[in-house]
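# Coordinates in review
Listed below, chain by chain, are the residues.
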Amino acid sequence: MSVKITPTELGLRKAVEVKESNKNIRATWELQKSLAKLSIDQATNTETPEDVEKMFDTMLDVQANVIAYIADILKLDEK
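Residues numbered from 1 in each chain as written. Predicted model: local features only at pLDDT ≥ 70, side-chain atom pairs only at ≥ 80, totals over all residues. Heavy atoms only, no water.

### Re the pattern of salt bridges
One side chain can pair with another of opposite charge once the charged atoms of both are near each other. Tallying each qualifying case throughout the model produces 3 salt bridges. A salt bridge links Lys23 to Asp72, with the nearest nitrogen and oxygen atoms 3.7 Å apart. One end of the pair, Lys23, is in helix H2 (residues 22-44); the other, Asp72, is in helix H3 (residues 49-73), and 49 residues separate them in sequence. Under the relative-accessibility criterion, Lys23 is labelled exposed at 54%. The shortest N-O distance in the salt bridge between Glu30 and Arg26 comes to 3.2 Å. Taken as a pair, Glu30 and Arg26 lie in helix H2 at a separation of 4 residues, close to a single helical turn. Judged by its relative accessible area of 47%, Glu30 falls in the partly exposed class. (Salt bridge = Lys/Arg side-chain N within 4 Å of Asp/Glu carboxyl O. Helix = DSSP H or I, 4+ residues; strand = E, 2+ residues; numbered from the N terminus. Buried < 20%, exposed > 50% of the residue type's maximum accessible area, 1.4 Å probe, protein only.)

### A few points about the side chain of Ser34
Mapping Ser34 onto the fold places it in helix H2. Since its relative accessible area comes to 16%, Ser34 is described here as buried. For Ser34, the side chain forms a polar contact with the main-chain oxygen of Leu31, separated by 2.9 Å. For Ser34, the contacting residues outside a window of four places in its chain are Val62 and Asn65. (Polar contact = N/O pair within 3.5 Å; in protein donor to acceptor, adjacent residues only side chain to side chain. Contact = heavy atoms within 4.5 Å.)

### Focus: H2
Since the α-helix advances by 3.6 residues per turn, residues separated by three or four positions end up pointing in the same direction. End to end, H2 covers 33 Å across 23 residues, agreeing with the expected 33 Å (1.5 Å per residue, within 8%). Within H2, burial applies to Asn24, Ala27, Leu31, Ser34, Leu38 and Asp41. As for H2, its buried residues are in contact with strand S2 (16-19) and H3. (Expected span 1.5 Å × (residues − 1).)

As structure tokens, this is what we get:
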């Protein structure tokens, strides 16, 4: 099974097909895990300045992971 995303939804020139593969599902679960961890950390670990700094580091890592995930799943390049 796969999902076709029309080009207008993403501002691309051609449609993108995302396959329901083990690789894509695993990448989705890994991203969801990191987002859940961030949410838990935000709710529990903001007592000291070091905790806040660690939280920002985690947020930056999650943002990079989200960008990499989208680029990988949609097979995007630098353009």
